[in-house]
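What the coordinates show
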Amino acid sequence: MKKTILFMCFLILLIFSTTSCVKDEFNIDNIATSEWNPNVAAPIINSNLNMWDLMNDYDSSEVFEEYSTKLIYFVYQKNVATNTMENYINIPNQSKTFNQININLPPGNLIGDYEVTNNYYFNLSLPYGMTLDSMILKSLDLSLNINHNINYPIYVNFSINNATVNGSPHNESFSVTSSDYDYSKHYDNIKLRLGANNQISFDIKITIHGDGSPNQSPYNFSLSIAMKNIRFSKLFGYLGNNDLNLDNDTITIDLYNNHFDGKINFEDLKIFLNISNSIGARVDINLNPITAYRTNPPVDAVDIIINPDPWPWTVVCPSLSEIGQSKISYLQINKYNSNIIDAFNISPNRIDIIADAKINSSGQSNFLIDTSRLHLNARVELPLHGTAKDFTLIDTVELDLGDSTYFKYVDWFMFKILTNNFYPIDADVQVYLLDSLNNVIDSIIPADQRIVNSGVVGPGPDYRVLTPSAKMTTNKFEGSRKDALVNVRKALIKAVLNTTDHGSSIVKIYSYEYVNVRVSAQAQLNNLTF
C-alpha cells in the first residue's frame with residue numbers, strides 16, 4: 001500500500017519538475033516513513049525556488065547573470081574565429097633560372113685558386129599584392145642546381161644578403177662534385193630582409209682549384225634556385241588586401257524554444273559584438289544583416305538594421321610594440337540605434353550573424369604572425385526588465401505512471417499547492433494528461449484556479465516587489481477520473497505567464513526574489529488487500 005502513496009507523490013512531483021520546480025526537493029523519506037492509515041496525508045515539497053531553480057530544467061545552459069543591482073538578465077552568446085593566418089596566407093613555391101655567366105681564366109694552365117663572385121637577385125611572388133620588408137620563416141626548403149663545364153675542382157660559397165639563420169648571417173659552403181650538381185638545405189628559422197618589390201639577393205663565390213690541368217676557358221656556369229615548403233612565423237610590411245572568412249555565427253535563444261503565443265517586451269535588450277584582433281593591420285568587418293528567426297509557427301524573420309550604418313567596422317589592431325597581443329573592439333546594438341525591439345517582438349529562437357573580414361593594409365608598418373586571427377564574440381543580453389503578456393510555453397514529456405495495478409487500492413487522492421510569490425509574475429499552469437494517441441484524458445489543475453499570483457510591485461525605477469502574494473490550489477481525483485489515469489502515457493504542459501496587471505505594468509526581476517512552494521498529497525485507501 002505504501003507503493004500506492006509513492007505513485008501519487010511521484011505524479012505530483014512530475015508535474016512540478018516538468019514545470020521547472022526542482023526535482024531535488026522531493027524527499028521520499030517523507031512518504032516511506034509514513035505510518036499506515038486508510039487516510040494518509042504527507043508533505044511532498046516545501047522549498048524556496050529562485051529563478052535559477054525555476055529555469056534549470058527548462059534551459060539547462062544556465063544562462064542567468066546579474067548586474068550589481070541584482071537585476072537578472074539572460075545571456076546567450078557564441079564565439080567564432082577565423083583560421084590562423086598561416087592557414088589563410090599560403091606563400092607559393094618560388095623558382096628562378098639565371099642567365100649563364102662566362103668565366104675566363106688567365107692564360108696558361110691554372111695552378112692555385114681562382115675566385116669569381118657573382119650577385120644574383122629576383123623578386124618573390126607573394127599573394128594579395130604583398131610587398132614585404134622582411135619575413136621570418138619557420139620552414140624553408142632551399143635548393144640550388146649548378147651546371148658547368150669547368151674541368152677543375154670547384155668550391156661554392158653561397159650567402160643570402162641581409163639574411164640570418166638563428167641570429168647568424170646566412171652562409172653555406174659546399175664542393176661541386178659533378179657538372180650537373182644539386183644542393184639542398186632545410187631551414188627552421190631563417191629571417192629574410194627584402195628589397196623593393198620583394199627582391200631577394202644573394203652572392204655566389206666560385207673558387208676554382210687549379211691543379212695544373214689544361215686551361216679550357218672560357219667556361220660556362222649556370223644557376224637555378226628553388227624555394228619550397230615556405231611557412232612563415234612573421235611577416236612585416238605591406239600585407240595587401242586579403243579576404244578572411246568568419247564562420248557563420250548562430251545564437252540560439254533557448255527562452256523561445258517552446259514558445260507558443262504571447263510575447264515578452266524587454267525594455268533594455270542588447271546585442272554586443274566584440275572583435276579580438278591580433279593582426280597588425282587595418283581590418284574591416286562587414287556584416288550581412290543580423291537576422292532574428294522564429295522557427296516555431298508562425299515562422300518569421302526580421303533583419304536587425306543599425307542606424308547609422310557602421311559598416312565597414314574598422315577594428316583596432318596591435319602596434320609593432322604589441323606584436324603577439326590582441327586588441328578588442330566593441331559594438332553595441334540596442335533600441336536606440338537599431339530596430340532590435342521589432343526583431344524580438346517575433347519571439348526569435350535564433351539570431352544569425354554572418355560576418356566578412358578583410359585586411360586592408362596601409363603603408364609598410366603592418367605585420368602578422370602565423371597565429372594571428374580574429375575572434376568574434378556575439379552576446380545577447382536580455383535584462384528581466386519589461387512586461388510579459390500571455391507569454392505561453394508548451395512542452396510535452398513522456399509520463400510513466402508505473403504499475404497501474406495499484407490504482408484499485410485507492411478510492412481517491414487529492415493534492416494541495418500553496419505558493420507565496422515574491423515575483424511580479426502571474427502563472428497559469430495546466431498539465432494535460434494524454435494517452436498514447438495524444439488524446440486528452442484529463443487535466444491536473446482546475447481550469448479556474450491560478451497556481452501563482454503576482455506579488456505587489458512598488459514604483460519605478462526599481463519596480464521591486466513589496467509584498468508577496470499567497471495562493472492555494474487543490475484538485476481531487478476519484479471515480480472515473482482516477483481510473484482513467486491508467487491510460488496516461490504523456491503530459492503536455494502549458495504555462496501562460498503575465499507580469500503584474502496582466503502585462504500592462506513594467507516590472508523587474510531580481511536575483512534575491514523567489515517563490516515558496518508547498519505541496520502536500522492526501523489519499524483515501526480502500527479495504528482491498530495486495
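Figured I'd write up the structure that's included with this text.

Take the sheet that holds strand β2 (residues 64-66) next. With antiparallel pairing, five strands are arranged side by side in an open sheet as β2-β3-β26-β19-β23. Two strands close off the open sheet at either side, each with one partner strand: β2 and β23 (327-333). Direction aside, the axes of adjacent strands within the sheet are offset by 30° on average. Bridging between strand β19 (residues 270-277) and strand β26 (residues 374-383) involves eight bridges; their strand directions are antiparallel. When the bridges of β26 are listed, Asn-277 appears paired with Leu-374.

All right, on to the environment of Asp-243 then. Residue placement: Asp-243 occurs in strand β16 (residues 241-245). If we skip the residues at most four places from it in the chain, Asp-243 touches Tyr-88, Ala-357 and Lys-358.

The biggest cluster of nonpolar side chains holds 131 residues, and the ones touching the most others in it are Leu-192, Phe-202, Ile-204, Phe-221, Leu-235 and Leu-273. Looking at which element gives the most residues to this core, the answer is strand β15 (residues 219-238), with eight residues. Excluding its chain neighbours within four sequence positions, the residues that come into contact with Leu-235 are Ile-89, Ile-91, Met-130, Leu-132, Ser-134, Met-135, Asn-366, Phe-367 and Leu-368.

Both strand β20 (residues 283-294) and strand β22 (residues 313-315) contribute to a ladder of three bridges, which runs antiparallel. Across the sheet, residue Asp-284 finds its bridge partner in β22, namely Thr-314. Pairing between β20 and strand β24 (residues 350-360): nine bridges, direction antiparallel. Directly across from Asn-286, in β24, lies its bridge partner Asp-356. Note that β20 and strand β21 (residues 300-304) share five bridges and pair antiparallel.

Thresholds applied
- Residues numbered from 1 in each chain as written.
- Predicted model: local features only at pLDDT ≥ 70, side-chain atom pairs only at ≥ 80, totals over all residues.
- Heavy atoms only, no water.
- Pairing = 2+ DSSP bridges.
- Helix = DSSP H or I, 4+ residues; strand = E, 2+ residues; numbered from the N terminus.
- Axes fitted to C-alpha atoms, helices over the stretch in contact; angles between N-to-C directions.
- Contact = heavy atoms within 4.5 Å.
- Core = buried A, V, L, I, M, F, W, Y, C linked by side-chain atoms within 4.5 Å.
- Buried < 20%, exposed > 50% of the residue type's maximum accessible area, 1.4 Å probe, protein only.

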